[in-house]
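# Working through the structure, step by step
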Amino acid sequence: DKAPLSKSLLLVPSAISILLTLLFQHYQKFFAYNLQAVKEDFQIWRLVCGRTICLDLKDTFCSSLLIYNFRIFERRYGSRKFSSFLLGAWMLSALFDLLLVEITQYIFGITINSLPSGFLGPVFALFVPFYSSIPRVQVTQVLGHFSITNKSLVYILGLQLLTSGSYIWILALSGLVSGICYNSSILKVHRILCVPRWVAKIFSWTLEPVFSSAEPTNEVRVGMGATVDIQRQQRMELLDRQIMMSQVAQMRRQRQQQGGMINWNRLFPPLRHRHNANYQDHHPSEQGIPPPTEVSEEQVARLMEMGFSRGDALEALRASNNDLNVATNFLLQH
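With an unreviewed UniProt entry as reference, the protein chain is termed Ubiquitin-associated domain-containing protein 2, source organism Acrocephalus arundinaceus. Under the heading Subcellular location (unreviewed entry), UniProt records this for the protein chain: "Membrane".

The structure is reproduced here in structure tokens:
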């Protein structure tokens, strides 16, 4: 939704790459990023064909996943500004490719005749705004020291793409440098290398209806998260709380019907440890049952000031693991 350019970059080059690999292998030579042919035979068209379509399916897969993750920039800035960034990064990275190849040959004596083909320069350039403008949200920790965030998967995909070829580091370095140059306000590159408004209108009238998608209706936005990932995390927390409240209400109704008592320690530990990887789904033995949670008298007093009895306040605080907000919401709803 609201990312037709990202969708077109995801579908069209991937489809052409698959066709060239499976059916039309004799046409692959026209999409090779041959720098020797560009410099000696002046085949400038190779800068377009060789820097657009990937000839390696692994590069196609990784770059497609990265474009899918970077669609957030088109949603945030709009298709015209996003396409201007890709155009500027594509043109600058082509220049830096030639410079880096000449520098490598001059310093190390290594002659590089061709580079990996594909839309790789602008993809690496998108890591610059991704690093600087997308907030970092911690998801979990591995071994208690290594943090896993909402951006870790994207960096892993970039590392996988970086190690897929011998000279792909040149494309990665030129893409990062071009992204820094375009994203910098000092050089003013974004004012020179941009898509004209009339060109954007033509593509909006012709291609946008083909690649546009309807807004999803099965998800309801919750909260004011800065990104879709944060909003979905807030939605999951809300659903988790609703499930907990419904289970507690069901147990309370059973207690009222049967005259029994709720085994709070049996009900809530699984909910509190829902995301604990070491937790096993079985009933703990009597020796393994944790001691009752100590309740803060200050929080009990605050609930009693709201009009609840001491017994209900103690019960709700123990059940919610001393979470005053959850205990309050539960007592208000029941």
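Glancing now at helix H10 (residues 168–183). When the terminal C-alpha atoms of H10 are compared, their 22 Å separation across 16 residues agrees well with the 22 Å that a helix rising 1.5 Å per residue should span. All of the buried residues in H10 are Ile-168, Ile-170, Leu-171, Ala-172, Ser-174, Gly-175, Ser-178, Gly-179, Cys-181 and Tyr-182.

Below, the discussion takes up unusual backbone geometry. Peptide bonds are, in most cases, trans, and in most cases residues other than glycine have a negative phi. One non-glycine residue, Phe-42, adopts positive backbone phi at about 55 degrees. Mapped onto the elements of the fold, Phe-42 is located in the loop between helix H2 (35–40) and helix H3 (46–49). The exposure class assigned to Phe-42 is exposed, which follows from its relative accessible area of 63%.

Another aspect to go through is the UniProt feature "transmembrane region" (unreviewed entry) in the protein chain. Under the UniProt annotation, "transmembrane region" (unreviewed entry) lies at residues 6–24, 85–108, 114–132 and 153–177. Helix makes up 100% of residues 85–108 and strand 0%. Its end C-alpha atoms lie 33 Å apart. Annotation note: span residues 114–132, helix share 63%, strand share 11%, distance between end C-alpha atoms 32 Å.

A few words on the packing of helix H6 (residues 79–108) against H10. Two numbers describe a pair of packed helices, the interaxial angle and the distance between the axes. Between H6 and H10, the least distance of the axes is 7 Å, while the angle of their chain directions is 130 degrees. The angle between H6 and H10 places the two elements in the oblique class. Handedness of the crossing formed by H6 with H10: right-handed. Touching Ser-84, Phe-85, Gly-88, Ala-89, Leu-92, Ser-93, Phe-96, Asp-97, Leu-100, Val-101 and Thr-104 of H6 are Trp-169, Ile-170, Leu-171, Leu-173, Ser-174, Gly-175, Val-177, Ser-178, Gly-179, Cys-181 and Tyr-182, all from H10. Partitioning the contact of H6 with H10 into residue classes produces 13 nonpolar, eight polar and one charged.

Right, let's get into the pattern of salt bridges. One pass over the full model with this rule turns up four salt bridges. Glu-102 serves as the salt-bridge partner of Lys-39, at 3.1 Å between the closest nitrogen and oxygen. With Lys-39 in helix H2 and Glu-102 in helix H6, this pair connects stretches of sequence that are 63 residues apart. When its relative accessible area of 39% is taken as the criterion, Glu-102 is described as partly exposed. Here Glu-297 makes a salt bridge to Arg-310, at a shortest N to O gap of 3.1 Å. Of the two residues, Glu-297 is situated in helix H16 (residues 297–305) and Arg-310 in helix H17 (residues 310–319); the sequence distance between them amounts to 13 residues. Arg-310 gets classed as partly exposed once you look at its relative accessible area, which sits at 37%.

This brings us to the side chain of Ser-174. Counting through the fold element by element, Ser-174 comes out in helix H10. Using a relative accessible area of 1% as the deciding quantity, one classes Ser-174 as buried.

This part covers the side chain of Ser-63. With respect to the element layout, Ser-63 can be found in helix H4 (residues 57–69). Within the local environment of Ser-63, its side chain forms a polar contact with the backbone oxygen of Asp-59, the two atoms lying 2.7 Å apart. At 3.1 Å, the side chain of Ser-63 forms a polar contact with the backbone oxygen of Thr-60. Setting aside residues no more than four positions away along its own chain, Ser-63 makes contact with Cys-54 and Leu-120.

Scoring rules and cut-offs
- Residues numbered from 1 in each chain as written.
- Predicted model: local features only at pLDDT ≥ 70, side-chain atom pairs only at ≥ 80, totals over all residues.
- Heavy atoms only, no water.
- UniProt positions renumbered as here; feature names shortened; annotations may be inferred.
- Helix = DSSP H or I, 4+ residues; strand = E, 2+ residues; numbered from the N terminus.
- Expected span 1.5 Å × (residues − 1).
- Buried < 20%, exposed > 50% of the residue type's maximum accessible area, 1.4 Å probe, protein only.
- Axes fitted to C-alpha atoms, helices over the stretch in contact; angles between N-to-C directions.
- Parallel < 35°, antiparallel > 145°, perpendicular 65-115°, else oblique.
- Left-handed = near helix turned anticlockwise from the far one by under 90°.
- Contact = heavy atoms within 4.5 Å.
- Nonpolar A, V, L, I, M, F, W, Y, C, P; charged D, E, K, R; others polar.
- Salt bridge = Lys/Arg side-chain N within 4 Å of Asp/Glu carboxyl O.
- Polar contact = N/O pair within 3.5 Å; in protein donor to acceptor, adjacent residues only side chain to side chain.

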